[in-house]
Amino acid sequence: MRKLADEFLPDLHLRFILDRYATYSGSDPRKAPAVLASIAFVEESFGAWHIKGGLGTLATLVHQRCVDVGVDFHFNSRVVEITTEKGRATGIQLADGSFIAADAVVTNADASITYNALIKGNTTKLRKVRRNLSKADPSIAGFSVLLGVRKDESEPLSHHTVLFPDDYDAEFNSIFSSKTPVEKPTIYICAPKDDAMTKDMTLESWSILVNAPHHGVNGFDWSNQEFNRTYANSIIDQIEEHGIPIRTRLESFSFRTPADLETAVNAPGGSIYGTSSNGARAAFMRAKNRSPIKNLYCVGGSAHPGGGLPLVGMSGEIVANAVGGARNVQPLRN
Ligand SMILES: Cc1cc2nc3c(=O)[nH]c(=O)nc-3n(C[C@H](O)[C@H](O)[C@H](O)COP(=O)(O)OP(=O)(O)OC[C@H]3O[C@@H](n4cnc5c(N)ncnc54)[C@H](O)[C@@H]3O)c2cc1C
């Protein structure tokens, strides 16, 4: 990516914008392949879309569609083992001790958890996939600040605002080398004009995201709540330094660290996008959708084609077709 910028973009601001696309997949622009610049083409050609009510509405509607076509959901049921027999997946063991037999198992847990924790035993079939996963760099994690602010018509913010620091490379050094929170991070503010996202029409809901090193071993320890609160406040200070008032309009304030994300969805270290695209070969290190274990399929950000909602959606489509194809079943089109 960086070589592409060196070749085509003498303007510093354009270079910052190009670098930003590498971070969309949780990667370092100095190592990520230039193909990620195609995201700019996708944004320009197809636009960026907002779902009324916020992104959670997508989950609600997908859930409803699944219910309509006969899918059963078992929420809050942690899978502790994917059982196998003679190199085939046979079902799942839940934390409450129950066992569900299955013709096909689709795992949306992080691939490293699937292969290193959920599948027990040292099967030779998994030697290569485990080796590849151990070589992959975790992607960037994220520190989010979630704000409810009173509307101020004299200070309207665009739906998307990105505030760049003076030294963008310092951010990548912090995240990928020293593994410390970025002192002056690039700050993304999402401020949708969507009354369905607030408790009343006098308010706006802002979601602020800065890139962060992942939590835990070989990363940063995000468990110190006092530090986290100070860090969240320093992000608000930096936004206000750009002339965007917050504290005078503040109704509610909370933050989520990479450690919170790990706890909430079992994403190792709170890495948002599974593994990064650092290096030309990174894509080949990701878990394949069809596992070497028969009848087992991997879906989601840590599997092919990678992290971020569009790719995760493609991953779901590939797996649905693979499972259907193996059973000669066509997708429902109504
Ligand atoms: C703050 C933030 C901002 C983001 N912004 C963007 C963006 O602007 N654009 C974009 O494209 N992407 C964005 N992403 C990334 C995007 O959300 C992820 O890439 C995507 O959600 C990953 O989907 P997934 O299905 O792989 O994982 P998840 O959405 O994490 O789903 C995995 C599910 O599996 C469940 N699970 C895990 N282990 C088990 C187990 N053992 N038993 C039972 N259930 C289990 C988890 O509880 C979870 O529900 C953002 C992410 C964050 C955190």
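Residues numbered from 1 in each chain as written. Predicted model: local features only at pLDDT ≥ 70, side-chain atom pairs only at ≥ 80, totals over all residues. Heavy atoms only, no water.

## Side note on the overall build of the chain
Here is step 1 of the chain: Looking only at helices and strands, the chain features 11 helices and 10 strands.
Here is step 2 of the chain: Compactness check: the chain gives a C-alpha radius of gyration of 21 Å against a globular reference of 20 Å for 334 residues, within 12% of the reference.
Here is step 3 of the chain: Structurally, the chain occupies a C-alpha span of about 65 × 45 × 45 Å along its principal axes.
Here is step 4 of the chain: Taken over 334 residues, the chain has a buried fraction of 40%.
Here is step 5 of the chain: Relative to all contacts within the chain whose residues are 6 or more apart in sequence, the contacts with residues 24 or more apart total 65%.
Here is step 6 of the chain: Accessible surface for the chain amounts to roughly 18800 Å². Of this, 56% is attributable to carbon and sulfur atoms.
Here is step 7 of the chain: For the chain, the centre of its 35 positive side-chain charges and the centre of its 36 negative side-chain charges are spaced 12 Å apart. (Helix = DSSP H or I, 4+ residues; strand = E, 2+ residues; numbered from the N terminus. Rg over C-alpha atoms; globule rule 2.2 N^0.38 Å. Buried < 20%, exposed > 50% of the residue type's maximum accessible area, 1.4 Å probe, protein only. Contact = heavy atoms within 4.5 Å. Areas by Shrake-Rupley, 256 points an atom, 1.4 Å probe, with all protein chains shown as cover. Lys, Arg positive; Asp, Glu negative; His and termini not counted. Charge placed at Lys NZ, Arg CZ, Asp CG, Glu CD.)

## A short note on the side chain of Asn289
Here is step 1 of the chain: With respect to the helices and strands, the residue Asn289 is situated in the loop between helix H10 (282–285) and strand E10 (296–298).
Here is step 2 of the chain: Within the local environment of Asn289, its side chain forms a polar contact with the backbone oxygen of His304, the two atoms lying 2.8 Å apart.
Here is step 3 of the chain: Setting aside residues up to four positions removed in sequence, Asn289 forms contacts with Leu296, Tyr297, Cys298, Ala303, His304, Ser315, Ile318 and Val319. (Polar contact = N/O pair within 3.5 Å; in protein donor to acceptor, adjacent residues only side chain to side chain.)

## Details of the site of the ligand
Here is step 1 of the chain: Taken together, 19 residues sit near the ligand, with Val79, Asn108, Gly301, Gly308 and Leu309 positioned nearest.
Here is step 2 of the chain: Here Leu309 contributes a backbone N or O atom positioned 2.7 Å from an oxygen atom of the ligand.
Here is step 3 of the chain: Here the ligand loses 62% of its free accessible area of 1000 Å² to cover by the protein chains.
Here is step 4 of the chain: Contributing elements (two or more residues each) for the shell around the ligand: helix H9 (258–265) and helix H11 (309–326).
Here is step 5 of the chain: When residues of the shell around the ligand are assigned to their parent elements, the largest contribution, three residues, is made by H11. (Near = heavy atom within 4 Å.)

## A look at the domain arrangement of the chain
In many reports, interface size means the accessible area that the parts give up when they come together.
Here is step 1 of the chain: What the domain assignment reports for the chain is domain 1 (1–49), domain 2 (56–136 + 278–326) and domain 3 (140–272).
Here is step 2 of the chain: Domain 1 and domain 3 are separated by 21 Å when their C-alpha centres are compared.
Here is step 3 of the chain: Counting from both sides, the interface comprises 12 residues of domain 1 and, opposite them, 14 residues of domain 3.
Here is step 4 of the chain: Summed over both sides, the interface of domain 1 with domain 3 buries roughly 1100 Å², with 58% coming from carbon and sulfur.
Here is step 5 of the chain: Among the residues of domain 1 in contact with domain 3, Phe16, Arg20 and Arg30 are the three that bury the most area, contributing 54% of the side total.
Here is step 6 of the chain: Across the domain 1-domain 3 interface, the total number found is one salt bridge.
Here is step 7 of the chain: One salt bridge connects Asp169 with Arg2, and the closest N-O pair in it is separated by 2.7 Å.
Here is step 8 of the chain: Viewed at the interface, domain 3 and domain 1 are joined by three residue pairs in polar contact (both at pLDDT 80 or more).
Here is step 9 of the chain: Looking at the side of domain 1 that touches domain 3 element by element, the count peaks at five residues for helix H2 (residues 12–23).
Here is step 10 of the chain: Here the residues of the side of domain 1 that touches domain 3 sort into four nonpolar, three polar and five charged. (Domains from an automatic or database assignment. Buried area = accessible area lost by both parts, 1.4 Å probe. Salt bridge = Lys/Arg side-chain N within 4 Å of Asp/Glu carboxyl O. Nonpolar A, V, L, I, M, F, W, Y, C, P; charged D, E, K, R; others polar.)

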